[in-house]
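Listed here are the chains, written in short residue letters.
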Amino acid sequence: MLPNTHTDELPPRGGIPAARQDILTDDALEILQYAADAVAAGIPAALVTLVEVHGGAARQPGAQMVVLADGRYCGFVSGGCIEAAAAREASEAIASGRDRVVRFGEGSDYFDIVLPCGGGITLAIHVIRSGAPFQHTLERLYRRQSAGLAYVPSDSSLAFVPHAAFTGWRDGQFLLALPPRPRLVIFGSSIEASCTASLARAAGYEVALANDAAPLPSIDEFTAIVLLFHDLDREVRPLQTALDAAPFYIGALGSTRTHERRTRALLALGYRTGDVARIKAPIGIFPKSRDASSLAISVLADIAVAWQKRVCGGTGSQRRGDPSPTAAQPDTVPVHTRVEA
């Protein structure tokens, strides 16, 4: 749905409505749903995609926002410093019915818009003509399958692609790889489990609290497994399920000595040393957390690092999450400030 709460950020100009943030989120699934809802409601809209970074920038290539004809927008392509200006450009593109490419910061003619990080970014603005790419993408993401979008500036087209191995430029098109939301399955009925679940939900993870005695949830490659028991015997069944599947993270509570006992038990069950090495124990990024909230922060930070490594997978010159973004192909995105495709 499209909320009506918003704050004016830039005044209207020449028939172009004021840019105003509608939903505060940088979640890819929410942004794409916002676009799909706009199309379903018959509201003209544009998709803005960060396709090139020069120097430092707050976002990686692939960051997106959706702008409606009335100036409302959702999403981020920077740290918040140029979103209103990008929304105005998108509104002008909607009014003209033509896609365009815009550069802000370093190398831009907009001398009054400076990125605090000192770099420059290039945005591809696509006037949405069909809701089909968003619908197909969302269907896969909601089924917890990866998906992708391909934008071709030469013919102003946006298409759904079932699989995109990386985010970046290839053969004149900008590919966007989209994994589903990370899921966190937490075993344990302790205060540590409750605190970790609350923090993970606030961070946008899908969260399931599991009981080792009940049927175990399905586990896919976008799932993290956390065991927060104070009893090794209760760990055995969930650990076997996790090791027999392919989650991107397995972590277990306990000291180094506790993990040695856990390792011996798993090896006795027929698991190999390499299998056991998949378990992060002691869990978390800093040792000896003595309270539930500190442990929750430590565990979730550890999972976030593993998730970034997971979504950086694939091939290509530019990957989502790569700490050193590769510039777009020079013949793909013009280097001047604005081009109408």
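Notes on the structure in this doc start here. (Residues numbered from 1 in each chain as written. Predicted model: local features only at pLDDT ≥ 70, side-chain atom pairs only at ≥ 80, totals over all residues. Heavy atoms only, no water.)

1. As for the sheet that holds strand 15 (residues 249-252)
Next up, step 1: The five strands are arranged 13-12-14-15-16 in an open sheet whose pairing can be described as parallel. Each having just a single partner strand, strand 13 (206-210) and strand 16 (279-280) make up the two edges of the open sheet.
Next up, step 2: When strand 14 (residues 223-227) meets strand 15, the two strands line up parallel, connected through four bridges. Bridged to valine 226 within strand 15 is glycine 251.
Next up, step 3: Here helix 4 (residues 191-202) sits on the sheet and contacts strand 12 (183-187) and strand 13; the angle it forms with strand 13, its principal contact strand, is near 165°. (Pairing = 2+ DSSP bridges. Helix = DSSP H or I, 4+ residues; strand = E, 2+ residues; numbered from the N terminus. Contact = heavy atoms within 4.5 Å. Axes fitted to C-alpha atoms, helices over the stretch in contact; angles between N-to-C directions.)

2. Observations concerning the pattern of salt bridges
Next up, step 1: Tallying each qualifying case throughout the model produces 16 salt bridges.
Next up, step 2: Among the salt bridges present, the one from arginine 59 reaches aspartate 26, with a minimum N-O distance of 2.8 Å. Residue arginine 59 is found in the loop between strand 3 (45-54) and strand 4 (64-68), and its partner aspartate 26 is found in the loop between strand 2 (19-23) and helix 1 (28-40); the two are separated by 33 residues along the sequence.
Next up, step 3: Three or more residues are tied together by salt bridges with common partners; here these are Arg144, Arg183, Glu206 and Asp220. (Salt bridge = Lys/Arg side-chain N within 4 Å of Asp/Glu carboxyl O.)

3. Digging into the pairing of strand 5 (residues 72-75)
Next up, step 1: Pairing of strand 2 with strand 5, which is carried by three bridges, proceeds in the parallel orientation. The partner of glutamine 21 across the bridge, within strand 5, is tyrosine 73.
Next up, step 2: Here three bridges tie strand 4 to strand 5, and the two strands are oriented antiparallel to one another. Following the sheet pairing, valine 67 is matched in strand 5 by tyrosine 73.
Next up, step 3: Hairpin connection, strand 4 to strand 5: the antiparallel pair is bridged by three residues, and glycine 71 has positive phi, about 100°.

4. Thoughts on the packing of helix 4 against helix 8 (residues 292-311)
Next up, step 1: Contact geometry for helix 4 and helix 8: axes closest at 8 Å, N-to-C directions at 50°. One way to sum up the angle between helix 4 and helix 8 is to call them oblique. Once helix 4 is placed against helix 8, the crossing between them reads as right-handed. For the pair formed by helix 4 and helix 8, the contact residues are Ile191, Glu192, Cys195, Thr196, Leu199 and Ala200 on the first element and Ala292, Ser293, Leu295, Ala296, Ile297, Val299 and Leu300 on the second.
Next up, step 2: Tallied by class, residues from the contact of helix 4 with helix 8 come to 10 nonpolar, two polar and one charged. (Parallel < 35°, antiparallel > 145°, perpendicular 65-115°, else oblique. Left-handed = near helix turned anticlockwise from the far one by under 90°. Nonpolar A, V, L, I, M, F, W, Y, C, P; charged D, E, K, R; others polar.)

5. Let's talk about unusual backbone geometry
Next up, step 1: With an omega of -5°, the peptide bond running from alanine 281 to proline 282 counts as cis.
Next up, step 2: With respect to the element layout, proline 282 can be found in the loop between strand 16 and helix 8.
Next up, step 3: The phi torsion at arginine 144 lies on the positive side, around 60°, for a residue other than glycine.
Next up, step 4: Summarising the element assignment, arginine 144 is placed in the loop between helix 3 (132-142) and strand 8 (147-152).
Next up, step 5: Exposure remark for arginine 144: the relative accessible area of 10% places this residue in the buried category.
Next up, step 6: Even without being a glycine, aspartate 171 presents a positive backbone phi close to 55°.
Next up, step 7: Tracing the backbone through its elements, the reader meets aspartate 171 in the loop between strand 10 (168-170) and strand 11 (173-178).
Next up, step 8: Exposure remark for aspartate 171: the relative accessible area of 69% places this residue in the exposed category. (Buried < 20%, exposed > 50% of the residue type's maximum accessible area, 1.4 Å probe, protein only.)

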